[in-house]
Structures are given as structure tokens and as C-alpha cells.
Amino acid sequence: MANGRGAWKSKIGFVLAAAGSAVGLGNLWKFPYLTYRFGGAESSEGKGAGGFVLICLISVVAVCLPLMVAEILIGRRGGRNPVGSFRTLRPGTLWSAVGFLGVLGGALILSYYSVVAGWTIEYVWKAALGQFSEYGEKVSDEEVREKWCTDNKVKGQAECDALFSKFLDGFATTEERERVLLEKRLEIYPQRLFAEFVGSPGKQILYLAVFVLLTALVVAGGISGGIERWNRILMPLLLAMLFFLVVSVASLPGAGKAVDFLFRPDFSLLSVEEVLWAIGQAFFSLSLGMGALLTYGSYLPREARILPASAAIAGLDTLVALAAAFVIFGTIFSFGLKMGGQGIGNLFTAIPVIFMHVTGGHVLTVIFYCLAAFAALTSTVSLLEVVVAYLIDERKVTRKKAVILSAVAIFFVGVPCALSFNVLQGFRPLGTTVFETLDYFCSNLILPVGGFFIAVFVGWVLTQEERTAELPEAGATLYRFWLFSVRFVAPVAIVALFVGLLLGKVSG
Ligand code: PHE
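Just so you know, these numbers come straight off a predicted model, no measurement behind them. (Residues numbered from 1 in each chain as written. Predicted model: local features only at pLDDT ≥ 70, side-chain atom pairs only at ≥ 80, totals over all residues. Heavy atoms only, no water.)

## Some words on the overall build of the chain
Basically, it comes down to this: Strands here mean DSSP runs of E at least two residues long; helices mean DSSP runs of H or I at least four residues long; both are numbered from the N terminus. Between the two quantities, the radius of gyration covers C-alpha atoms and the globule rule is 2.2 Å times the number of residues to the power 0.38. Note on contacts: a residue pair qualifies if any of its non-hydrogen atoms lie within 4.5 Å across the two residues.
Along the backbone of the chain there are 21 helices and zero strands. Compactness check: the chain gives a C-alpha radius of gyration of 24 Å against a globular reference of 23 Å for 508 residues, within 12% of the reference. In terms of overall dimensions, the chain has a C-alpha envelope of 80 × 50 × 45 Å along the principal axes. Considering only contacts within the chain whose residues lie at least 6 apart along the sequence, 82% involve residues at least 24 apart.

Below you can see the structure in the form of C-alpha cells.
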């Protein structure tokens, strides 16, 4: 670009980078977990997640896709980072504060997201070493008994011993008994590995540092030489690995049930909470509301068309989320497993259990965690670029200096997040750990607030000429549909999300 800020070398490079931003832990962890929760997969009469999935899809098309177009539009028209873009478009107004909120959000999300992203590296390593398959020897009989007693809510040592022996006596054959005990060991072992891992402050800080460093190295390479180049390598690899997993799971007996579970809509029990969660999930998953796509849009050449690019980005993100959910549910239903627990740990405790049941599961587990690591990296890169672009454009520092400054600062904010799982576990100034507080604050507050103002800015503040100049490809009907959503549907949906939050219908 003439202003020397760098630019995408190709349109596909932009689409891959933006899809790389969108596809992340939100798709691989949060989406399968939410469909599991709302679909009632645990009970045999589970209603299925079809209703929830459909609402997610509707949110993507009706709210998020129009908002994505709006965000990229601001970036290309403003030609700068979020603060600079708002300032260029409406100088001397308070609109640049919205951009500033985005930059702040980017830094904060990056600091806790990198902690979990770092876990994926350790898990690639664990999987490659075959640690998960050692559960047979590594778990003691006492541990199995304790787990059984906890699961069955049996209290007191004596009662636990007695009831557990009775349980064991209940099996007709030794093989049958051994099989069930082995299954319990498999449930216990990944949880123990996970607890040991997150319980180590040194390891948590080390992996956080490694992931921030990897992110910094990519971003330091610049737009086409770093971000575009790495996304061009990692995204096709990620898609190929996911395709391989989908094909592997498709031949399992539970594949059909997984499709049924995900796609057969049943609205009989759809709650307000589910609808609000679906909107929030679509938001986070598509990286909306904090200026990542705005910043990527600022490197987009004039002749590139925003509408089809946005459709491709949202389409890819949705496809990956559905494919990940299919892989997980296909395996769960084939072997009658449970996902167990709540929260971020699922990706690290449930996946090894799930894949240990499949032939070749060892390799699949390595593949899965590589996929998660790549997906996380392409997302952290987009978050760091928001902060770096701000420092370059507004504070006039070089890219290299901007990367070093922001990466160091983000690492330090990340430290208390990394320690939230061990030494700072009990430090809960606002009722939750530093990690949880930041996640709640960013996903439920900064992103929707940012999204709301982006919609209002594009829908009501920009002029008709400004909007249409950026969307020459839109026909009259499409344009009207888009504008209606940006003006009314998106802001109303976000306000509903907030009202839901305030009424306590949506929790973090
Ligand atoms: N969309 C990413 C994910 O699904 C997370 C993210 C949010 C990235 C906001 C950038 C900005 O994991």
C-alpha cells in the first residue's frame, strides 16, 4: 500500500488470515461444549442440539455476518488500526474510544487466551509421547475406588470400601469387571495429567512465554511476510487435518447419531438462555467486536470485495465448528462416553479419553492437538496485530519495537492468568479467578459493546455514499438487507444479550 503500512498480497491471503483469526479455541472447545450442554447429550432422552445449532446459524447469518462486513468496511475505509480508523472517519469525536476499547480488549484477550493456547503445545507433546495410553499402569486401585465413591456420592471411608466391593462383586465375569475398571482408569488419568500440568506454576509461565513468543515472531514478519505467509501454511494444514478426522469418525457406528444430534431441530425446549448463548458464541467465534477484522480489513486493497470475503470467512468458521463437534460427538456416541466436567479443561481431559477408544487413536490425538495449536496461533496473531497496528500508526514506533513492547506487556498480564490455576487459585477479588474474570469481562462485555457501537457507527453515522463506496458489489436488495441488520437487528440482538446478562439468564 502506498502509505507503507503493508498489505495482503492476495485476496485469498486475506480470507485465510481472517478465517484463521475466527477459527480458534472457540470452535474446537466452546462450540462442542455448548452443544453438549444444551443438547442434553448426557441423558438418553437428550433433546439434541439441533435447535441450538440452528439458532447459532441464524445468528451468524442475520447478525454476525452483517456486522463482520461493517467491521471490515470501517477498517478499509479508515485505513488504520481501530483507534486511527474511527478517528480518520470522524475526527474530533468520541468514536475513537470504541477503537481504544478494541485495542484494550485485544491485549486482554491475548493475555489469557495465550495461557490455554500454550496448553495445546504441551498436549501435542504428551500425545506424541503416548502418555495418555499409560493409564492402565499409572492409576492405582485406590484412585479408582475413590473416584467411584465420589461419582456415586458415597461418603466415609468404611462405607466407600464396602459399597465399592459390593459393586465389584456385582460383575458376572472377571473380564467384565476388568473392563469397567480399566474404563475408570482411563477417565481418571487424563484428569490427573491435566491437574498436574496446570498445577505447576513454572510450566504455566513457560508455555505462556512460548506461545506469546511464537505469536510475536509471526507478527514481527509483517502483514504479507508474516501473518499472511503463516496463515497460508497453517490454515490449509488445519483444514486437511480436520478433514482427516471427520473421515475417520464418519466410519464409526455413532456418526449417524452425531449428525442427528447436531442437525435435527427440536424447538420444544429451546430456552431464552440458549438463544442468548448462541448469539454470544457466534460473536466470540467470529472474532467480532474488538477490531481484529477491522485491522485486517485496513490492509485490504480497494479492489477486493468485502461481501464475498466475509461470507467465506463466516462459512469457514461455521464449517470448522460443526466438523469439530461432529468428530467429538461421533466418537462419544460410538462408545457411550461422557464429556465430563465443565469449562476449558474439556479440550484437554475429554479428547484423550474420546480418542483412546478408536483404533489409531494415538495418532488422532496428536493430530487433534496440532490442529488446536494451529487454530490458536492464527487467532493470537490477529489479536496481537491489533495492538501492534495501534502502536505503529498512533505512536509511530517501528513494527519490531511495537511487537516487543506489546508482547512483553501481554506476557506480564498473562502471568496472573497462568497462575490462576495454581498459586493464585484462591485469589478471587471479584468472585472468580483472574483468568475467569478476564474471560467473562472480555467475551461478555468488551466484544458485544464493541459490536454494538460498530453497528451503530456504520448503520447510523456513516453516510450512504461512504457505505456504498465500500460495497460496490452489493445489489440493491442485498444492500438493503445488510443495512437493515446493521441498523436494527444487530443492535437489538446485542441489547437483548445485555438484558439477559443483567437478569442473570446468561452466565459466564
Ligand atoms: N475467534 C477466536 C476463537 O474462536 C477468538 C478471538 C476472539 C480471536 C476475538 C480474535 C478476537 O477462538
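## Topic: unusual backbone geometry
Among all residues save glycine, negative phi is the norm, and among peptide bonds the norm is trans. Rules: Buried residues are those whose accessible area, probed at 1.4 Å on protein chains only, stays under 20% of the maximum for their type, while exposed residues exceed 50% and partly exposed ones sit between those limits.
One non-glycine residue with positive phi stands out, namely Lys153, at about 55 degrees. Within the secondary structure, Lys153 is located in the loop between α7 (141–151) and α8 (157–169). For Lys153, a relative accessible area of 69% translates into the label exposed. Despite not being glycine, Ser287 has its phi angle at roughly 60 degrees, a positive value. As for its position among the elements, Ser287 is in the loop between α13 (272–285) and α14 (292–297). Residue classification places Ser287 among the buried positions, given a relative accessible area of 10%.

## Considerations on the state of the cysteines
The cut-off we apply is this: What counts as a disulfide here is a pair of cysteine sulfur atoms lying within 2.5 Å.
Within the structure shown, the criterion is met by one disulfide. Cys149 shares a disulfide with Cys160; S-S distance 2.0 Å. Looking along the S-S bond of the Cys149-Cys160 disulfide, the torsion reads about 95 degrees, which is the right-handed sense. One end of the pair, Cys149, is in helix α7; the other, Cys160, is in helix α8, and 11 residues separate them in sequence. Looking at Cys160, the relative accessible area reads 7%, which means it is buried. The structure places no disulfide on Cys56, whose sulfur is separated from the nearest cysteine sulfur, that of Cys64, by 9.2 Å.

## Here we look at a nonpolar patch on the surface
Test applied: By definition, no residue in a patch forms a salt bridge, and every one has over 30% relative accessible area; like charges are joined within 9 Å, nonpolar side chains (Val, Leu, Ile, Met, Phe, Trp, Tyr) within 5 Å. All accessibility values rest on the Shrake-Rupley procedure with a 1.4 Å probe; residue burial counts only the protein chains present in the view. One speaks of a salt bridge when a side-chain nitrogen belonging to Lys or Arg is within 4 Å of a carboxyl oxygen belonging to Asp or Glu.
Residues Leu206, Val210, Leu213, Leu214 and Leu217 make up a contiguous nonpolar surface patch of about 440 Å² in total accessible area. By the secondary structure assignment, Leu217 is in helix α10 (residues 201–220).

## What about the nonpolar core?
Note the cut-off: Joining through side-chain atoms within 4.5 Å is the link that ties buried Ala, Val, Leu, Ile, Met, Phe, Trp, Tyr and Cys residues into a set, and such a set is a nonpolar core.
Among the nonpolar cores identified, the biggest contains 184 residues, and Phe14 and Trp482 are the most heavily contacted of them. Here the element with the most residues in this core is helix α17 (residues 361–395); it accounts for 20 residues. Those residues in contact with Trp482 that sit more than four places away from it in its chain are Pro66, Val69, Ala70, Leu73, Val458, Arg467 and Leu471.

## With respect to the packing of aromatic side chains
Geometry of an aromatic ring pair is reported as the spacing of the ring centres plus the angle between the planes. Going by this rule: Note on ring pairs: Phe, Tyr and Trp rings are taken, using the six-membered ring of Trp, and paired if centres are within 6.5 Å. Classes follow the plane angle, with under 30 degrees stacked, over 60 edge-to-face and the rest tilted. As a reminder, the over-ring test applies to NZ of lysine and CZ of arginine, requiring each to be within 6 Å of the ring centre and within 35 degrees of the ring normal.
The full count for this structure, using the stated rule, is 37 aromatic pairs. For the pair Trp460 and Phe488, a centre-to-centre distance of 5.5 Å together with 90 degrees between the ring planes defines the contact as edge-to-face. With Trp460 in helix α19 (residues 434–461) and Phe488 in helix α21 (residues 476–502), this pair connects stretches of sequence that are 28 residues apart. In this arrangement the basic side chain of Lys30 is found over the ring face of Phe284, its NZ or CZ atom lying 4.4 Å from the centre. Directly above the ring of Tyr123 sits Lys126, whose terminal nitrogen or CZ lies 5.8 Å from the centroid.

## Overview of the side chain of Lys126
Structurally, the position occupied by Lys126 is in helix α5 (residues 96–128). Sequence-distant contacts of Lys126, defined by excluding residues within four places in its chain, comprise Gln131, Phe132 and Leu193.

## What to know about the packing of α5 against α19
Which entries qualify depends on this criterion: A fitted line through C-alpha atoms represents every axis, and for helices the fit uses only the stretch in contact; the resulting angles, taken between N-to-C directions, go from 0 to 180 degrees. Crossings are sorted by hand: turned counterclockwise from the far helix by less than a right angle, the near helix makes the crossing left-handed, and turned clockwise it makes it right-handed. Amino acid classes used here: Ala, Val, Leu, Ile, Met, Phe, Trp, Tyr, Cys and Pro are nonpolar; Asp, Glu, Lys and Arg are charged; the rest, including Gly, are polar.
Direction vectors running N to C along α5 and α19 enclose 145 degrees, while the axes themselves pass 9 Å from each other. Here α5 runs over α19; the crossing is left-handed. Residues Val98, Leu101, Gly105, Leu108, Ile109, Ser111, Tyr112, Val115 and Val116 of α5 lie in contact with α19, whose contacting residues are Phe435, Leu438, Asp439, Phe441, Cys442, Ser443, Ile446, Leu447, Val449, Gly450 and Phe453. Among the residues forming the contact of α5 with α19, the class breakdown is 15 nonpolar, four polar and one charged.

## What to know about the pattern of salt bridges
Enumeration according to the criterion identifies 18 salt bridges in this entry. A salt bridge links Arg77 to Glu470, with the nearest nitrogen and oxygen atoms 2.9 Å apart. Taken together, the residues span a long stretch of sequence, with Arg77 in helix α3 (residues 50–78) and Glu470 in helix α20 (residues 464–470) at a distance of 393 residues. Overall, Glu470 belongs to the buried group, its relative accessible area being 0%.

## Notes on the site of the ligand
Just so we agree on the cut-off: We call a residue near a given molecule or strand whenever any one of its heavy atoms falls within 4 Å of it. Within 3.5 Å is the distance limit for a polar contact, defined as a pair of N or O atoms, with the added protein rule that one can donate a hydrogen and the other accept it, and that residues adjacent in sequence qualify only through two side-chain atoms.
As a matter of local geometry, the ligand sits amid 14 residues, with Ala22, Gly26, Tyr113, Phe284 and Ser287 nearest to it. Separating an oxygen atom of the ligand from a backbone N or O atom of Ala22 is a distance of 2.9 Å. One of the backbone N or O atoms of Leu25 is found 3.1 Å from an oxygen atom in the ligand. Considering the ligand on its own, with 320 Å² of exposed area, one finds that the protein chains cover 100% of that surface. Of all the elements in the fold, those that place two or more residues in the shell around the ligand are α1 (11–22), α2 (25–39), α13 and α17. Split by residue class, the shell around the ligand holds six nonpolar, eight polar and no charged.

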